[in-house]
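Next come the chains, spelled out residue by residue.
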Amino acid sequence: ETGVTQSPTHLIKTRGQQVTLRCSSQSGHNTVSWYQQALGQGPQFIFQYYREEENGRGNFPPRFSGLQFPNYSSELNVNALELDDSALYLCASSLGRTDEKLFFGSGTQLSVL
Amino acid sequence: SQKIEQNSEALNIQEGKTATLTCNYTNYSPAYLQWYRQDPGRGPVFLLLIRENEKEKRKERLKVTFDTTLKQSLFHITASQPADSATYLCARGKDTGRRALTFGSGTRLQVQP
């Protein structure tokens, strides 16, 4: 167990809807990164938050947005859901922007119908 | 762009044998490579990190190498056990200006009793 918790564990939405995924980072970690993992693929970086500010973004459209709160927990929001957004969404926490080891949660499995 | 390539075919070995997984990268050498283990429906779990200037690193039954000439890392599990069956992900370190790890698609290891 890494101490990173994500909710919900599973979610089913329809195309065009909006979704919010939540993540509580490991105690003492101030950096949260979000990754998308399609079936049979490796995780792909969405963005990172460090001390409540976005600190880097991958190749994802603006309809993917996020927040980090003062307690370092985080949310990932996806608007106008598309079928291709169906994936496992992983949250990872680390200590500081340059920390090299990521602690992942178990993820949220999102299905878009 | 920087890529990580892992053998997408599953590796099947007998219990007690040594499993060897390969990770190849493109372009310039990353500052470090990381290996993670991922079980179905779970998030990746950090195993080992090896830096560009290190040739080999060990942790219990695990060994990882980094060959900058071949642009390759090898991950070994000695005396493999059925409990080692999982998908193993290789990731290159945060390249200059990037905040994220770049993951390969993983290799599935199946250890037969």
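Cut-offs applied
- Residues numbered from 1 in each chain as written.
- Chains lettered and ligands numbered in written order.
- Predicted model: local features only at pLDDT ≥ 70, side-chain atom pairs only at ≥ 80, totals over all residues.
- Heavy atoms only, no water.
- Contact = heavy atoms within 4.5 Å.
- Buried area = accessible area lost by both parts, 1.4 Å probe.
- Salt bridge = Lys/Arg side-chain N within 4 Å of Asp/Glu carboxyl O.
- Polar contact = N/O pair within 3.5 Å; in protein donor to acceptor, adjacent residues only side chain to side chain.
- Helix = DSSP H or I, 4+ residues; strand = E, 2+ residues; numbered from the N terminus.
- Nonpolar A, V, L, I, M, F, W, Y, C, P; charged D, E, K, R; others polar.
- Buried < 20%, exposed > 50% of the residue type's maximum accessible area, 1.4 Å probe, protein only.
- Pairing = 2+ DSSP bridges.
- Axes fitted to C-alpha atoms, helices over the stretch in contact; angles between N-to-C directions.

Details of the interface of chain B and chain A
Each partner contributes residues to the interface: chain B has 19 residues there, and chain A has 22 residues. When chain B packs against chain A, close to 1,700 Å² is buried across both sides, 51% of that on carbon and sulfur atoms. Linking chain B with chain A are zero salt bridges, by the criterion used here. Linking chain B to chain A there are four residue pairs in polar contact (both at pLDDT 80 or more). Among the elements of the structure, β4 (32-38) and β5 (45-51) of chain B are those that each provide at least two residues to the side of chain B that touches chain A. When residues in the side of chain B that touches chain A are grouped by element, the largest group, four residues, is from β4(B). Across the side of chain B that touches chain A, the residue classes tally to nine nonpolar, six polar and four charged.

Observations concerning the environment of Leu110(A)
Residue and element names in this part refer to chain A. One can find Leu-110 in strand β11 (residues 108-112). When its relative accessible area of 1% is taken as the criterion, Leu-110 is described as buried. A sequence separation of 69 residues divides Leu-110 from Gln-41, and the C-alpha atoms of the two residues are 15 Å apart. With residues up to four places along the chain from it excluded, the contact list for Leu-110 reads Leu-11, Lys-13, Val-19, Leu-81, Asp-85, Ser-86, Ala-87 and Tyr-89.

A closer look at the pattern of salt bridges
Tallied over the entire structure, the rule returns nine salt bridges over all chains. Measuring nitrogen to oxygen at the nearest pair gives 3.3 Å for the salt bridge that ties Arg63(A) to Glu82(A). One end of the pair, Arg63(A), is in the loop between β6 (53-57) and β7 (64-68); the other, Glu82(A), is in the loop between β8 (74-78) and β9 (87-94), and 19 residues separate them in sequence. Salt-bridge contacts for Glu56(B) lead to Lys63(B); the nearest nitrogen and oxygen are separated by 4.0 Å. Classification of Glu56(B) by relative accessible area gives partly exposed; the value is 40%.

Side note on the sheet that holds β7(A)
Residue and element names in this part refer to chain A. A sheet is described by the order of its strands in space; here four strands give the open sequence β1-β3-β8-β7, paired in antiparallel fashion. Of all the strands in the sheet, just β1 (5-7) and β7 have a single pairing partner and so form its edges. Across the sheet, the mean angle separating the axes of adjacent strands is 20 degrees when strand polarity is ignored. In this structure, β7 lies alongside β8, joined through five bridges in antiparallel fashion. Paired with Gly-66 across the bridge in β8 is Leu-76.

Digging into the pairing of strand β4 (residues 31-37) of chain A
Residues and elements named next belong to chain A. A large share of β4 lies buried, amounting to seven of its seven residues. Residues Thr-31, Ser-33, Tyr-35 and Gln-37 line one face of β4 and the alternating positions Val-32, Trp-34 and Gln-36 line the opposite face, and both faces are buried. Pairing geometry for β4 and strand β5 (residues 44-50), over six bridges, is antiparallel. Bridge assignment links Gln-36 to a residue of β5, and that residue is Gln-44. Hairpin connection from β4 to β5: six residues lie between these consecutive antiparallel strands, with Gly-40 at a positive phi of about 80 degrees.

So, to be careful, I would describe these as geometric facts and stop short of saying anything about function.
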